[in-house]
Amino acid sequence: MKLTCVATPGSGGDYHTPASHLLEVEGVRLLLDCPVDLSALAAFAPVPLGADCGDAGDLIRAVPYYWSPAAAAAAKAGGVDAVLVSSATGMLGLPFLTRLPSFANTKVYVTELAARIGKLMMGELMEMHSEFVRYYGLDTDGSPKWMQGEKLHKLLSSLQNIVIEDEGMDLAPLMPLYSAPNLEECMRKTQTVKYGEEVCFNGMLMLKASSSGLELGNCVWSIKGPRANFSSLNVMDENNENLGENAMVCDDSLLRADGVDEDEYVQCLSKNDDIAEEIERISFICSCISDAIKSGGSVLIPIGRLGVILLILEHISETLLSSNMKVPIFMISDAAEKIISFTNAVPEWLCKPRQEKLFSREEEALFGHVELLKEGRLFLFPHLYSKGLLVEGALHCILSRLEP
């Protein structure tokens, strides 16, 4: 059994990036997650809103490229037999792989909910990318000119998880974005699984996904083989303290011999509803929101993780109620309504107290956002320029943008 880290996790910047690993077991090569590091977008100038382009400084004025070391590593390895996806963000780089001839027979396993949310996120990413293409046009002359000199160095400096070297820098992970047909082909190769369902792969390995983390559709994978077992448990230790909801961790303690019941390990994932560090950060954010509103300002919160959004909405609601402040909250995303509707769709994702509340006859909502919507304090809009948003907008508000 061999486990190789091909992409380290990153959450120190503006976007959370899951880790990715190659696992070789029983003669089978598995890729554990295939994310995209969207922090590279910080090196590109936004599409101008009008004729005046303004001063972009040292930002790159061009159609963005995307950084996916997991996809590059899997392609360099000559292909993989299967991909196990632990979260929606862990599948953003899959179309980079499934469009290659060497991945024609590769199977992709992912929970039903993560697949649906992942497709929505990839669709949003392509829509954003199309705005750059409409403005700058497609690159038809091979590698763009900015991929040399200072502009390239600027892009690499914006990435969270690489060490920049003057010579020998591998640019294979830097790729143009996939197309809509690539996305559809990727989804056709996807086999969805339910939580707790066992799937036999290659007549040799038994795969099972168990609920994990704050995010909808997230899972831990357990793999049983004739001679060894593997579990991708989310271990929050001193070496992995920034992993957040990421389930793929390179740790010797996860390579276990036969005879150990992985259910004992999985149970530890549901002992606590909230991650202490996440709650501490959210409490700090809510205190800053309260201070900004009291001083007559508005608040913009870019968020890419649905579980965090749900917690922030609950804490914001409590903060506003205790302070007797009536402030509208706007959530901006093409997929906002669809993703919010998924929160009650999979009971196995919920912690035990919320499961009991779901199956009881209590009228109280599972999440705070339900009451906010009913009371007309939370509004969902697809775009910043949505007509309804311009009508409802007020001088003082809380704006939450759900990003891919």
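It should be emphasised that the depicted structure is a prediction, and the values quoted were computed from it without experimental measurement.

Q: Explain the overall build of the protein to me, please; I cannot follow it from the model alone.
A: Looking only at helices and strands, the protein has 12 helices and 17 strands in total. When the 404 residues of the protein are sorted by exposure, 50% land in the buried category. In the protein, 70% of the contacts between residues at least 6 apart in sequence involve partners at least 24 apart.

Q: Where do I start with the packing of aromatic side chains in this structure?
A: For any pair of aromatic rings, geometry is given as the distance between the ring centres together with the angle between the planes. For the structure shown, the criterion picks out 5 aromatic pairs. Summarising the aromatic geometry, the rings of Tyr109 and Phe201 are spaced 6.1 Å apart at their centres and angled 85 degrees between planes, so their arrangement reads as edge-to-face. Here Phe201 lies in strand β9 (residues 198-201) and Tyr109 lies in strand β6 (residues 107-111), a separation of 92 residues in the sequence. Classification of Tyr109 by relative accessible area gives buried; the value is 1%. Among the aromatic residues, those joined into a ring-pair cluster are Phe330, Phe379 and Phe381.

Q: How do you make sense of the nonpolar core when you look at a structure like this?
A: A general trend in soluble globular proteins is that nonpolar side chains are found buried together. By size, the foremost hydrophobic cluster in this structure holds 43 residues, and its most contacted members are Leu31, Leu94, Phe96 and Ile117. Elements supplying a minimum of two residues to this core: β1 (2-7), α1 (69-76), α2 (94-98), β6, α3 (112-136) and α5 (180-188). With 9 residues, the single largest contributor to this core is α3. Setting aside its immediate chain neighbours within four residues, Leu94 contacts Cys34, Val83, Val85, Val108 and Cys186.

Q: What is the right way to read the packing of α3 against α5 from this model?
A: The N-to-C vectors of α3 and α5 enclose an angle of 170 degrees; their axes lie 11 Å apart at closest approach. Regarding the angle of α3 to α5, the classification is roughly antiparallel. Contacts between α3 and α5 involve Ala115, Lys119, Met122, Gly123 and Met126 from the first element and Ala180, Leu183, Glu184 and Met187 from the second. Residue classes in the contact of α3 with α5 are distributed as 6 nonpolar, 1 polar and 2 charged.

Q: Explain the environment of Val80 here, please?
A: Locating Val80 in the fold gives a position in the loop between α1 and β5 (82-84). According to the relative accessible area criterion, Val80 is buried, its value standing at 8%. On a C-alpha basis, the gap between Val80 and Val28 in space is 8.0 Å, while along the polypeptide they are 52 residues apart. Filtering out sequence-adjacent residues up to four positions away, Val80 remains in contact with Leu22, Arg29, Leu31, Ala74, Phe103 and Thr106.

Q: Explain the sheet that holds strand β2 (residues 20-25) to me, please; I cannot follow it from the model alone.
A: In any sheet, the strands associate via hydrogen bonds between backbone groups, in a parallel or an antiparallel arrangement. A sheet is described by the order of its strands in space; here 6 strands give the open sequence β1-β2-β3-β5-β6-β8, paired in mixed fashion. For this open sheet the edge positions go to β1 and β8 (190-193), each flanked by a neighbour on one side alone. Within this sheet the neighbouring strands show an average axis-to-axis angle of 25 degrees, counted without direction. Where β5 lies against β6, 3 bridges are found, and the strand directions are parallel. Bridging across to β6, Val83 finds its partner in Val108. Packed on one face of the sheet, α1 meets β1, β2 and β3 (28-32) and runs near 130 degrees to β1.

Q: Could you clarify how one ought to interpret the side chain of Thr98 in this entry?
A: Turning to its location among the elements, Thr98 is positioned in helix α2. Exposure remark for Thr98: the relative accessible area of 7% places this residue in the buried category. The contacts of Thr98, once residues within four sequence positions are left out, are Phe103, Asn182, Glu185, Cys186 and Lys189.

Q: Hey, could you run me through the state of the cysteines in this one?
A: Disulfide: a covalent bond formed between the sulfur atoms of two cysteine residues. Counting across every chain of the model gives 0 disulfides. No disulfide involves Cys286; its sulfur sits 9.2 Å from the nearest other cysteine sulfur, which is in Cys288. Under the relative-accessibility criterion, Cys286 is labelled buried at 4%.

Q: I tried to follow the pattern of salt bridges on my own but got confused; where do I start?
A: Opposite charge on two side chains lets them pair, provided their charged atoms get close. One pass over the full model with this rule turns up 5 salt bridges. A salt bridge links Lys119 to Glu184, with the nearest nitrogen and oxygen atoms 3.8 Å apart. Taken together, the residues span a long stretch of sequence, with Lys119 in helix α3 and Glu184 in helix α5 at a distance of 65 residues. On the basis of relative accessibility, which here comes to 35%, the residue Lys119 falls in the partly exposed class. With relative accessibility at 35%, the residue Glu184 sits in the partly exposed group. The structure contains a network of salt bridges with shared partners spanning Glu185, Arg188 and Lys189.

Q: Got a minute to help me understand α1 in this structure?
A: A turn of α-helix holds 3.6 residues, and therefore any two residues three or four places apart point the same way. Turning to α1, its buried residues number three or more, namely Ala70, Ala71, Ala72 and Ala74. Buried residues belonging to α1 abut β1, β2, β3, α2 and β7 (174-175). Note on α1: the residue one or two positions beyond its end, Gly78, has a positive phi of about 90 degrees.

Q: How should the environment of Asn202 be read in this particular structure?
A: Tracing the backbone through its elements, the reader meets Asn202 in the loop between β9 and β10 (205-211). Here the alpha-carbon distance between Asn202 and Asp81, two residues 121 residues apart in the chain, equals 9.0 Å.

Q: Help me understand the environment of Thr89 in this model?
A: Positionally, Thr89 belongs in the loop between β5 and α2. Among the polar contacts listed, one links the side chain of Thr89 to the side chain of Ser87, at a separation of 3.1 Å.

Cut-offs used in this document
Numbering of residues starts from 1 in every chain and runs along the sequence as written. With pLDDT at 70 or above as the cut-off, local features in this predicted model cover only qualifying residues; side-chain atom pairs require 80 or more to be listed or tallied, and sums for whole chains, interfaces and linings still use all residues. Values reported for side chains reflect all heavy atoms of the structure, with hydrogen atoms and water molecules removed beforehand. The numbering of helices and of strands both runs from the N terminus, where a helix is a DSSP run of H or I of at least 4 residues and a strand a run of E of at least 2. Exposure classes here rest on a 1.4 Å probe applied to the protein chains alone. A residue is buried below 20% of its type maximum, exposed above 50%, and partly exposed in between. Contacts: residue pairs with any heavy atoms within 4.5 Å of one another. Whether two aromatic rings pair depends on their centres lying within 6.5 Å, for rings of Phe, Tyr and Trp, where Trp uses its six-membered ring; planes under 30 degrees apart make the pair stacked, over 60 edge-to-face, and the rest tilted. Within this scheme, the nonpolar core is defined by two criteria: the residues are buried Ala, Val, Leu, Ile, Met, Phe, Trp, Tyr or Cys, and they are joined through side-chain atoms within 4.5 Å. In this description, a line fitted to the C-alpha atoms serves as the axis of each element, helices being fitted only across the stretch in contact, and the angle between N-to-C directions of two axes falls anywhere from 0 to 180 degrees. Geometric relationships in this document are graded by angle, where less than 35 degrees denotes roughly parallel, more than 145 denotes roughly antiparallel, 65 to 115 denotes roughly perpendicular, and other angles denote oblique. Under this grouping Gly is polar, as are all residues other than the nonpolar Ala, Val, Leu, Ile, Met, Phe, Trp, Tyr, Cys and Pro and the charged Asp, Glu, Lys and Arg. Should DSSP find at least two bridges between two strands, the strands are taken to pair. Note on terminology: pairs of cysteine sulfur atoms within 2.5 Å are recorded as disulfides. A side-chain nitrogen of Lys or Arg and a carboxyl oxygen of Asp or Glu constitute a salt bridge if their distance falls within 4 Å. By the criterion applied in these results, polar contacts are pairs of N or O atoms within 3.5 Å in which, for protein atoms, one can donate a hydrogen and the other can accept it, and in which residues neighboring in sequence qualify only through two side-chain atoms.

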